[in-house]
Amino acid sequence: MQRLRSTPRVFAGPRGRQPDRTGRCAGGRSCRRPLAGVFTALAPSASGERYVVCKNAIDHGACNWAVPVSDDTPFCRACRLDEIIPNLSSDHAVEAWLRVERAKRRLVYTLLELGLNVESRRERPSGGLGFAFKEDVGGARVMTGHDEGLITLNLAEADTPFREKLREQMGEAYRTLLGHFRHEIGHYYWDRLIRGSSYVEAFRAEFGDESASYDEALKRHYENGAPPDWPERFVSAYASMHPWEDWAESWAHYLHMVDTLGTARSYGLALQPDAGGGTSRTSLSELKVTTRNLHFDDFDDLLKGWVPLTVALNSLNRSMGHADVYPFVLSATAIRKLRFAHDVIENAARDGSRLASRPEDDHRPSPQ
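What this report covers is the structure whose coordinates are included nearby. Everything numeric in this text was worked out from a predicted model, so none of it was measured.

**Quick look at the pattern of salt bridges**
Pairing is possible between side chains of opposite charge, provided their charged atoms come close.
In step 1: One pass over the full model with this rule turns up 24 salt bridges.
In step 2: Two residues, Lys-219 and Glu-223, come together in a salt bridge whose shortest N-O distance is 2.8 Å. Taken as a pair, Lys-219 and Glu-223 lie in helix 6 (residues 214–224) at a separation of four residues, close to a single helical turn.
In step 3: Look at Glu-223 and you get exposed, because its relative accessible area is 53%.
In step 4: Here Asp-246 makes a salt bridge to Lys-337, at a shortest N to O gap of 2.6 Å. Pair noted here: Asp-246 is in helix 8 (residues 243–266) and Lys-337 is in helix 11 (residues 332–350), with a separation of 91 residues, a long-range link.
In step 5: A relative accessible area of 3% places Lys-337 in the buried class.
In step 6: One network of salt bridges, in which partners are shared, links Asp-71, Arg-77, Arg-80 and Glu-123.

**Notes on the sheet that holds strand 6 (residues 82–84)**
In step 1: Read across the open sheet, the four strands follow the order 6-7-9-8; overall the sheet is mixed. The strands lining the two open edges of the sheet, one partner per strand, are strand 6 and strand 8 (145–147). The mean inter-strand angle of the sheet, taken between neighbouring strand axes irrespective of direction, is 30 degrees.

**As for helix 3 (residues 160–169)**
An α-helix turns once every 3.6 residues. As a result, residues three or four positions apart point the same way.
In step 1: Restricting attention to buried positions, one finds in helix 3 the residues Arg-163, Leu-166 and Arg-167. Mapping the buried residues of helix 3 onto a view down its axis gives an arc of 105 degrees, with all of them on the same face. Across from the buried face of helix 3, at angles greater than 90 degrees, the exposed residues are Pro-161, Lys-165, Glu-168 and Gln-169.
In step 2: In the core, the buried residues of helix 3 are packed alongside helix 4 (177–194).
In step 3: Its side-chain oxygen at 3.0 Å from the backbone nitrogen of Phe-162, Asp-159 defines the N-terminal cap of helix 3.
In step 4: Following helix 3 by one or two positions, Gly-171 has its phi on the positive side, about 65 degrees.

**Here we look at the packing of aromatic side chains**
In step 1: Tallied over the entire structure, the rule returns 18 aromatic pairs.
In step 2: The interplanar angle of 85 degrees and the centroid separation of 6.1 Å between the aromatic rings of Trp-247 and Phe-340 together place this pair among those described as edge-to-face. Of this pair, Trp-247 sits in helix 8 while Phe-340 sits in helix 11, placing them 93 residues apart in sequence.
In step 3: Seen in terms of ring centroids, Trp-306 and Tyr-326 are 5.1 Å apart; in terms of plane orientation they differ by 90 degrees. Their pairing is edge-to-face. Here the residue Trp-306 occupies a position in helix 10 (residues 299–319), and Tyr-326 occupies one in the loop between helix 10 and helix 11, the gap between them amounting to 20 residues.
In step 4: Taken together through their ring pairs, the aromatic side chains of Tyr-188, Tyr-189, Trp-190, Tyr-199, Phe-203, Phe-207, Tyr-214, Trp-244, Trp-247, Trp-251 and Phe-340 make up a single cluster.

The rules behind these values
- Residues numbered from 1 in each chain as written.
- Predicted model: local features only at pLDDT ≥ 70, side-chain atom pairs only at ≥ 80, totals over all residues.
- Heavy atoms only, no water.
- Salt bridge = Lys/Arg side-chain N within 4 Å of Asp/Glu carboxyl O.
- Helix = DSSP H or I, 4+ residues; strand = E, 2+ residues; numbered from the N terminus.
- Buried < 20%, exposed > 50% of the residue type's maximum accessible area, 1.4 Å probe, protein only.
- Pairing = 2+ DSSP bridges.
- Axes fitted to C-alpha atoms, helices over the stretch in contact; angles between N-to-C directions.
- Arc of directions from axis to C-beta.
- Contact = heavy atoms within 4.5 Å.
- Polar contact = N/O pair within 3.5 Å; in protein donor to acceptor, adjacent residues only side chain to side chain.
- Phe/Tyr/Trp six-rings, centres within 6.5 Å; stacked < 30°, edge-to-face > 60°.

Rendered as structure tokens:
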């Protein structure tokens, strides 16, 4: 990281003040306080806990989160997770990195909202989380993946034409920066919450035996593709490759659900599906889905809100000539796996996100 170029200004903001549609509060700039879950107006004369804008905001305009003055790092909860960032000497690299950081902040926001433990590897050397954003150099290709808490992302994924070309070549229905982050963080939390825990047997009952050779599964998948019946058992074709990937894809999908529904709820969105002819006014009222009233700790409630919302989102996209924003169909088996992920997350948040132990004699290869 580059050294701080200017002295940060210190502010104290009124708790819970919300920004307008431009992202600014009345009277000036605002920053997000991640642990409080609110945006706060930056007002030097206000009372309350003292904050400073994240160092990445000062140096690069790459963040809109704040850091308590009492913290021992100038970086916010999201930016302090960075271990390697690209060489910012070119405008192209800067723009790509900014897009990556926006997606990563969205990920961290969701994790914190779910009550999950998010600590850097500096804060927690054994079991912490880190990110490395790298570029291909010469013939050496950077592989996106997870290894012992470090999530590596090829910076080329921030280039939309590159990413779309790769998506089509690989026959994928969905490929985004945020999707990459949500998938790879699923591998991280498998290590933290499933590995060596009481969930292992239940995990194997739903997803299969994770001790099966990952390398052989990878080779088989890219040689033969997904099994013809994968839509009946998995959330995506890639999920059929190995139990670790099935978990990571299901985890990512669950984050898609809760974050999108959370956004819909913040706007007070209500949907009333058309039940067809002959339906009484009372039964139409019963079909109404008001996202503001969803209980996010109830998986059935989430699913009830998710299905009509995705139908509406896809229809809106088609109205504008775009592809479906949600190109998935959830089978009963895939829904059971999503419920499993939901239960693990709910229990982790309820228990203070205690991390699973890490057996010293487990030398299995890390999922990618």
